[in-house]
Amino acid sequence: MRKILVTGGTGYIGSHTVVELQKSGFEPVIIDNLSNSNAKIVDLIARITGRKPLFEKLDMCDLPALQSFFEKHDDIAGVIHFAAYKAVGESVNNPLKYYRNNIVSLLNLLQCMEMLQHKNLVFSSSCTVYGQPDNLPVTELAPVKPAISPYGNTKQIAEEIIRDTVSQQDIMAISLRYFNPIGAHESGLIGELPLGVPDNLVPYITQTAIGKREKLTVFGNDYDTHDGTCIRDYIYVSDLAKAHVVALNRMLDEKNEQSHEIFNVGTGTGYSVLDAINSFEKTTGVNLNWAFSDRRPGDVEQVWADTTLANLKLGWKAEKDLDVMMATAWKWEQTLATGIMEAGG
Ligand code: WQD
């Protein structure tokens, strides 16, 4: 089986991608420093697929450690790079932590990929590079706007580093610009694991519904949208995971048309915060305690993807709707309440 390195593979999107890689006959190898994830996820992946992926605890900013990993695994056929810090708010308060971790880890990875015979890279980028697009839906040709957070800036810088490196180093790369990944694997055995108080909407919804949080705050109801709340393109995490396998196969089959390709990975449909809340309540039967507050600084008013390029070139399209995303997110929150992530859980 072809070995695929998944950096950050015990994280939210990484773990779901490891499941899809195994289902597609690949041998994923996970490296993760566990700074924002739990090694227990490896066992839970095994419960889903029947195969425990190789996992090594490793900090990608430690170049000698990463080099010795690549010496040991010189048969890697492709790399999917998730490992990065991703909390927008934290990045504003601690920019150097974000620039150091997110950029140095990428630089080390690109240097180590030199050792490989097959240099195929799928990079986890983000729609934050667009800021507030001038036109919607937003296409890959839309201008990249000045980042509103150091986190978003690390994604822009990373895309530029990859763009400038690929031809010199004979690397093939595909950057996937995620919109808003939500939900959890249909088994309810893996999902989003926010540490502390969730920044993101859906884990806050499910933690409020389960009673871990007293009330959901809706940040702003005076936006120029159909109901005054912000609009996002929420995409089911397993659909997003599948897009990574499709992108990887595109390069393994040498079907990519440029050495660095960029694709929007969204559903093409935008939903407001109130749409999300209504979908959750309708799907789960749980009434949510929520209230409006002021806008959250830095929030984009509305953004959703033009997915024509991914549909056409990758032959990939998101399948699941908002109700499924909410139902799976709720199922995972209920799994967490059983103590599955505690030792011996
Ligand atoms: C969605 C909407 C909030 C929480 C960020 C990053 C992006 C990606 C996903 C990493 C907004 C509103 C939220 C709450 C609320 N992260 N909201 N109450 O900000 O679109 O994207 O997370 O890859 O890169 O930028 O996602 O889930 O935080 O917010 O009203 O308690 O929900 O104002 O309109 P966001 P989000």
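Details of the site of the ligand
Logical step 1: Among the 20 residues in the neighbourhood of the ligand, the closest are listed as Tyr-151, Leu-201, Thr-217, Arg-232 and Asp-299.
Logical step 2: Between Asp-199 and the ligand, the recorded distance is 3.4 Å, taken from a backbone N or O atom to an oxygen atom.
Logical step 3: Backbone polar atom of Leu-201 to an oxygen atom of the ligand: 2.8 Å apart, as the coordinates give it.
Logical step 4: Summarising the interface, the protein chains cover 90% of the accessible area of the ligand, which totals 680 Å² for the free molecule.
Logical step 5: Secondary-structure elements contributing two or more residues to the shell around the ligand are helix H7 (201–210) and strand E8 (216–219).

Looking at the state of the cysteines
Two cysteines joined by a covalent bond between their sulfur atoms form a disulfide.
Logical step 1: All chains considered together, the criterion is met by zero disulfides.
Logical step 2: A disulfide-free cysteine, Cys-127 has its sulfur positioned 12 Å from the sulfur of Cys-230, the nearest such atom.
Logical step 3: Here Cys-230 falls in the buried class, since its relative accessible area comes to 5%.

Looking at empty space enclosed by the protein
Logical step 1: Enumeration over the complete set of coordinates arrives at one cavity of 30 Å³ or more.
Logical step 2: Approximately 50 Å³ is the volume found for the largest cavity.
Logical step 3: If you trace the largest cavity, you find it lined by His-81, Ala-83, Ala-84, Asn-102, Phe-123, Thr-154, Lys-155 and Ala-158.
Logical step 4: With three residues, the top contributor of residues to the lining of the largest cavity is helix H6 (residues 150–169).
Logical step 5: Among the residues forming the lining of the largest cavity, the class breakdown is four nonpolar, three polar and one charged.

Some details on the side chain of Ser-272
Logical step 1: Checked against the element boundaries, Ser-272 lands in strand E12 (residues 271–272).
Logical step 2: Every residue in contact with Ser-272, bar those within four places of it in the chain, is listed here: His-226, Asp-227, Thr-229, Cys-230 and Ile-231.

What to know about the pattern of salt bridges
Logical step 1: Tallied over the full model, the rule gives 16 salt bridges.
Logical step 2: Among the ionic contacts, a cluster of salt bridges with common partners joins Arg-250, Glu-257, Glu-261 and Lys-313.

Observations concerning the packing of aromatic side chains
Logical step 1: For the structure shown, the criterion picks out five aromatic pairs.
Logical step 2: When the ring of Tyr-85 is compared with that of Tyr-98, the centres are 5.5 Å apart and the planes differ by 55°; the resulting orientation is tilted. Of this pair, Tyr-85 sits in the loop between strand E4 (76–81) and helix H4 (88–93) while Tyr-98 is found in helix H5 (residues 95–113), placing the two residues 13 residues apart along the sequence. Each of the two residues, Tyr-85 as well as Tyr-98, counts as buried.
Logical step 3: Lying over the aromatic face of Tyr-223, Arg-295 brings its terminal NZ or CZ to 4.0 Å of the ring centre.

Cut-offs and rules
- Residues numbered from 1 in each chain as written.
- Predicted model: local features only at pLDDT ≥ 70, side-chain atom pairs only at ≥ 80, totals over all residues.
- Heavy atoms only, no water.
- Near = heavy atom within 4 Å.
- Polar contact = N/O pair within 3.5 Å; in protein donor to acceptor, adjacent residues only side chain to side chain.
- Areas by Shrake-Rupley, 256 points an atom, 1.4 Å probe, with all protein chains shown as cover.
- Helix = DSSP H or I, 4+ residues; strand = E, 2+ residues; numbered from the N terminus.
- Disulfide = S-S within 2.5 Å.
- Buried < 20%, exposed > 50% of the residue type's maximum accessible area, 1.4 Å probe, protein only.
- 1 Å grid on protein atoms, 1.4 Å probe; cavity = no way out; pocket = protein on both sides within 12 Å on 5 of 7 lines; lining within 4 Å.
- Points joined across faces, edges and corners; volume = space filled by probe spheres on them.
- Nonpolar A, V, L, I, M, F, W, Y, C, P; charged D, E, K, R; others polar.
- Contact = heavy atoms within 4.5 Å.
- Salt bridge = Lys/Arg side-chain N within 4 Å of Asp/Glu carboxyl O.
- Phe/Tyr/Trp six-rings, centres within 6.5 Å; stacked < 30°, edge-to-face > 60°.
- Lys NZ or Arg CZ within 6 Å of the ring centre and 35° of its normal.

Shape descriptors only; they carry no functional weight alone.
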